[in-house]
Each structure stands twice: as C-alpha cells, then as structure tokens.
Amino acid sequence: SALHDIAISLWHENKLMGVGWRRFKGLTVSSFGYQLGHEVNFDYLQWLCEMGVIGFTMNMISVLVTFKRTLFVCKKLKWNYNNHKEAACVCFAVAVQFFILIYAFVEIPFYDIMFFAIYAVSCIIVNSSFIGLKKKGKKDFIINSYDRDDYIRFEGLKTLVLVTIA
C-alpha cells in the first residue's frame, strides 16, 4: 500500500534512529499531503520507520523474550503442574499474545491502548505464574527447565537493559 511505501522510504532516510516516536502520523499530513493523519497499519514496519533499527531491535527483543517465556511457562504448567486453573490462565495468555503478535501484521495493536492493555495483562499473568512456580519450592525451575545458554543470554539481556536504563 501507499502508506507502507511511505514508511519504507522514511526508514531508508533514517535507518538507525528512525523519524521519531509517533511522528509518522504527523508526517502523512505535513509531508505527504493526506488531509488526516494515518498509521502504517503494520506495527513492525511502523516501529522500524519511527524508531529505526535500534528501537525496532529493542522492541522485538522484549516481545520475543516475553513470548518465549510465555510458551515455556505454559508448557511447564500444562505438563508438570497440577493447578489446572493457573494452567488455563497461562494458556489463555498464550492465545492473547499470539493473536496480538499476528494482528500486528495488519493493524497497530501495540499503539492501541485497549489491545496493549490486554497484552500487558497477559504478560502479568505469565510473570505471576513464573514467579509463583519459583516460590513453590522449585529452586531448580529456571536452570533445569531453560537451556543453560538461554538462561545466560537472558541474564545478560537483563543486565544490558538495566545498564541502558541507568
């Protein structure tokens, strides 16, 4: 579509840092002659356009790490745990996250407060279950369940994010 072409051309002009968070909508009016502001309707392309390679990479890392943890917790609860209600909640969270990740190819759910709120709640469900499993006496929960290299990469990523924030 024309909006995708505009987003790609803006990204080519600003590959590393992008045009700025939430600037695409304004640029469609000021630079490309639309009467109303428009979004790309493709979250991942809009991230690339607005935040460049750096912002896109940071967003994708957080989304993918969260989804990987969600699948891990769902598998752990489904096969190795007797709390079926908690397992059902986590599987629901998997469905929500999967839907949002797929829907982002045709719309902008990460920019829409309602979709993002539902996504955030699904992440909270997963993290609560993850912490709960660790506290219920499964001291080797992370080390034995994750591949050791994944655990080391996750700890390194967490350190990188904390250093970046500070």
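Our structure's up above, just so we're on the same page.
The text that follows walks through the structure, step by step, so that each part is easy to find. (Residues numbered from 1 in each chain as written. Predicted model: local features only at pLDDT ≥ 70, side-chain atom pairs only at ≥ 80, totals over all residues. Heavy atoms only, no water.)

What follows deals with the packing of aromatic side chains. Tallying each qualifying case throughout the model produces 14 aromatic pairs. Relative to Phe98, the ring of Phe67 lies with its centre 6.4 Å away and its plane at 25°, an arrangement referred to as stacked. In this pair, Phe67 is assigned in helix 3 (residues 43–80) and Phe98 in helix 4 (residues 84–103), connecting sequence segments 31 residues apart. Judged by relative accessible area, Phe98 falls into the partly exposed class, the value being 49%. (Phe/Tyr/Trp six-rings, centres within 6.5 Å; stacked < 30°, edge-to-face > 60°. Helix = DSSP H or I, 4+ residues; strand = E, 2+ residues; numbered from the N terminus. Buried < 20%, exposed > 50% of the residue type's maximum accessible area, 1.4 Å probe, protein only.)

Okay, the packing of helix 4 against helix 5 (residues 113–135) next. Relative to each other, helix 4 and helix 5 sit at 140°, their axes nearing to 9 Å. What the angle tells us is that helix 4 and helix 5 run oblique. Taken as a pair, helix 4 and helix 5 cross one another with a handedness that is left-handed. Contacts between helix 4 and helix 5 involve Glu86, Cys89, Val90, Ala93, Val96, Gln97, Phe99, Ile100 and Tyr103 on the former and, on the latter, Phe115, Ile118, Tyr119, Ser122, Cys123, Ile125, Val126 and Ser129. Here the contact of helix 4 with helix 5 is composed, by residue class, of 13 nonpolar, three polar and one charged. (Axes fitted to C-alpha atoms, helices over the stretch in contact; angles between N-to-C directions. Parallel < 35°, antiparallel > 145°, perpendicular 65-115°, else oblique. Left-handed = near helix turned anticlockwise from the far one by under 90°. Contact = heavy atoms within 4.5 Å. Nonpolar A, V, L, I, M, F, W, Y, C, P; charged D, E, K, R; others polar.)

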